[in-house]
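Residue-level structure breakdown
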Amino acid sequence: MLQKTGRGLLALLLIVLEWTRPGLPSPLRPICDLRVLNHFIKEARDAEVAMKSCREGCSLSESVTVPQTTVDLDVWEKKNALEQAQEVQTGLWLLQQALSLLRTSVSNTELHSHIDTSIRNLLSINAVLRSLNIQEYTPPASAVGLEGTWRASSATDLLQVHVNFLRGKVHLLLSNAQACQQDVS
């Protein structure tokens, strides 16, 4: 457990150090290695497994708005990069809001650690998006009326959405990011 946490913290530390390095003459170098995302997906799965085995003090106090995780590749590929980025950033914001509510609802201390890690990883993914020069998008103040969402009423559903969103739309956005495309001229 300590080794897994250490690796996650190391990845986050490297991102933050690169991002905050003083006197940086140029923008962040893009973080194109999908192993970073795969690590976040693994930690999200760990949280989901821990939630499934939780018997007490692990319920969601109210239903939450979460992003749709299904991806129609034809529709996705017809969207421009800005639309794709906005969809992912909105989904990350929704997940962060939902996980924060889950954190306050859950009394199981083992789950607190998993939820905290998941929230930190979502913030790290936003830092990765910034490193890829993906235009920052500020979602609306309320999730009411957002397209491409649904309501999750259980903690297990929420954590499953978290895993699937990272595996689907976030992976697609990062793997096709303009800053990561190799020039083969």
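Scroll up for the structure.
The following paragraphs examine the structure supplied in this document. These numbers come from a predicted model, not from an experiment. (Residues numbered from 1 in each chain as written. Predicted model: local features only at pLDDT ≥ 70, side-chain atom pairs only at ≥ 80, totals over all residues. Heavy atoms only, no water.)

1. What about the overall build of the chain?
Put simply, the test is: Every helix listed is a DSSP run of H or I at least four residues long, and every strand listed is a run of E at least two residues long, numbered separately from the N terminus. Burial classes follow relative accessibility: with a 1.4 Å probe on protein chains only, a residue under 20% of its type's maximum area counts as buried, one over 50% as exposed, and anything between as partly exposed. Any two residues whose heavy atoms approach within 4.5 Å at even a single point are treated as in contact. Under the convention used here, a 1.4 Å probe and the Shrake-Rupley method define accessible areas, while residue burial counts only the protein chains that appear.
Within the chain one finds six helices and two strands. Secondary structure elements of the chain, listed N to C terminal, follow the sequence α-α-β-α-α-α-β-α. Taking all 185 residues of the chain together, 40% fall into the buried category. Contacts spanning at least 24 positions in sequence make up 87% of the contacts within the chain whose residues lie at least 6 apart. Total accessible area computed for the chain in this model is approximately 10600 Å², and 52% of it derives from carbon and sulfur atoms.

2. Structural notes on the layout of surface pockets
Unoccupied space between atoms shows up once a probe the size of one water molecule is rolled over them. Test applied: For cavity detection a 1 Å grid was placed over the protein atoms alone, and a set of points counts as a cavity when a 1.4 Å probe fits there but cannot get out; an open set counts as a pocket when protein lies on both sides within 12 Å along at least five of seven lines, with lining residues being those that have an atom within 4 Å of a point. Grid points are joined across faces, edges and corners, and a volume is the space filled by probe spheres set on the points. Residue type decides the class: Asp, Glu, Lys and Arg count as charged, Ala, Val, Leu, Ile, Met, Phe, Trp, Tyr, Cys and Pro as nonpolar, and the leftover types, Gly among them, as polar.
Space inside the largest pocket adds up to approximately 290 Å³. Lining the largest pocket are 16 residues, with Gln86, Glu87, Thr90, Glu147 and Gly148 sitting closest to its centre. Taken together, the elements giving at least two residues each to the lining of the largest pocket come down to α4 (81-105) and α6 (155-175). Tallying contributions element by element places α4 first for the lining of the largest pocket, with six residues. Among the residues forming the lining of the largest pocket, the class breakdown is five nonpolar, six polar and five charged.

3. Structural notes on the packing of helix α2 (residues 34-53) against α6
Going by this rule: Only the stretch in contact is used when fitting a helix axis, every axis being a line fitted to C-alpha atoms; angles between N-to-C directions are given from 0 to 180 degrees. In what follows, roughly perpendicular refers to angles from 65 to 115 degrees, roughly parallel to angles under 35, roughly antiparallel to angles over 145, and oblique to any angle outside these ranges.
Contact pair α2 / α6: the axes reach a minimum separation of 8 Å and the direction vectors enclose 170°. Taken together, the axes of α2 and α6 are roughly antiparallel relative to one another. Contacts between α2 and α6 involve Leu34, Leu37, Phe40, Ile41, Ala44, Arg45, Ala47, Glu48, Met51 and Lys52 from the former and Ala155, Thr156, Leu159, Gln160, His162, Val163, Leu166, Arg167, Val170, His171, Leu174 and Ser175 from the latter. For the contact of α2 with α6, a count of residues per class yields 13 nonpolar, five polar and four charged.

4. So, the state of the cysteines
Short version of the rule: In plain terms, two cysteine sulfur atoms within 2.5 Å form what is called a disulfide here.
Taken as a whole and assessed by the stated rule, the structure comprises one disulfide. Linked covalently through their sulfurs, Cys54 and Cys58 form a disulfide whose S-S length is 2.1 Å. Its S-S torsion of approximately -100° makes the covalent link between Cys54 and Cys58 left-handed.

5. A closer look at empty space enclosed by the protein
All told, the structure shown has one cavity of 30 Å³ or more when counted by the stated rule. In this structure, the largest cavity occupies an estimated 60 Å³ of space. Looking at the largest cavity, the residues that line it are Ile31, Cys32, Asp33, Leu34, Val36, Leu37, Phe40, Ile125, Val128 and Leu174. Every element with two or more residues in the lining of the largest cavity is listed here: α2 and α5 (109-131). Considering each element in turn, the lining of the largest cavity owes the most residues, four residues, to α2. Split into classes, the residues belonging to the lining of the largest cavity amount to nine nonpolar, no polar and one charged.

6. Here's the deal with the packing of α4 against α5
Counted only if it meets this: Less than a right angle of anticlockwise turn of the near helix away from the far helix marks a crossing as left-handed, whereas a clockwise turn marks it as right-handed.
At their nearest, the axes of α4 and α5 sit 10 Å apart, and the two run at 160° to each other. Compared by their axis directions, α4 and α5 come out roughly antiparallel. As α4 runs across α5, the sense of the crossing is left-handed. Residue-level inspection shows Val88, Gln89, Leu92, Leu95, Gln96, Leu99, Ser100, Leu102 and Arg103 of α4 in contact with α5, the latter providing His112, Ile115, Asp116, Ser118, Ile119, Leu122, Leu123, Ile125, Asn126 and Leu129.

7. Brief notes about the pattern of salt bridges
This is how the line gets drawn: Put simply, a salt bridge is a Lys or Arg side-chain nitrogen that is within 4 Å of an Asp or Glu carboxyl oxygen.
One pass over the full model with this rule turns up six salt bridges. Notably, a salt bridge pairs Arg35 with Asp33, separated by 2.5 Å at the nearest N-O pair. Relative accessible area serves as the criterion here: at 35%, Asp33 is assigned to the partly exposed category. For Lys42, the salt bridge goes to Asp46, with nearest N and O atoms at 3.1 Å. Remark: Asp46 and Lys42 occur in helix α2; sequence separation between them is four residues, near one turn of the helix. Look at Lys42 and you get partly exposed, because its relative accessible area is 37%. Taken together, the shared-partner salt bridges in this structure form one network comprising Lys79, Glu87 and Lys169.

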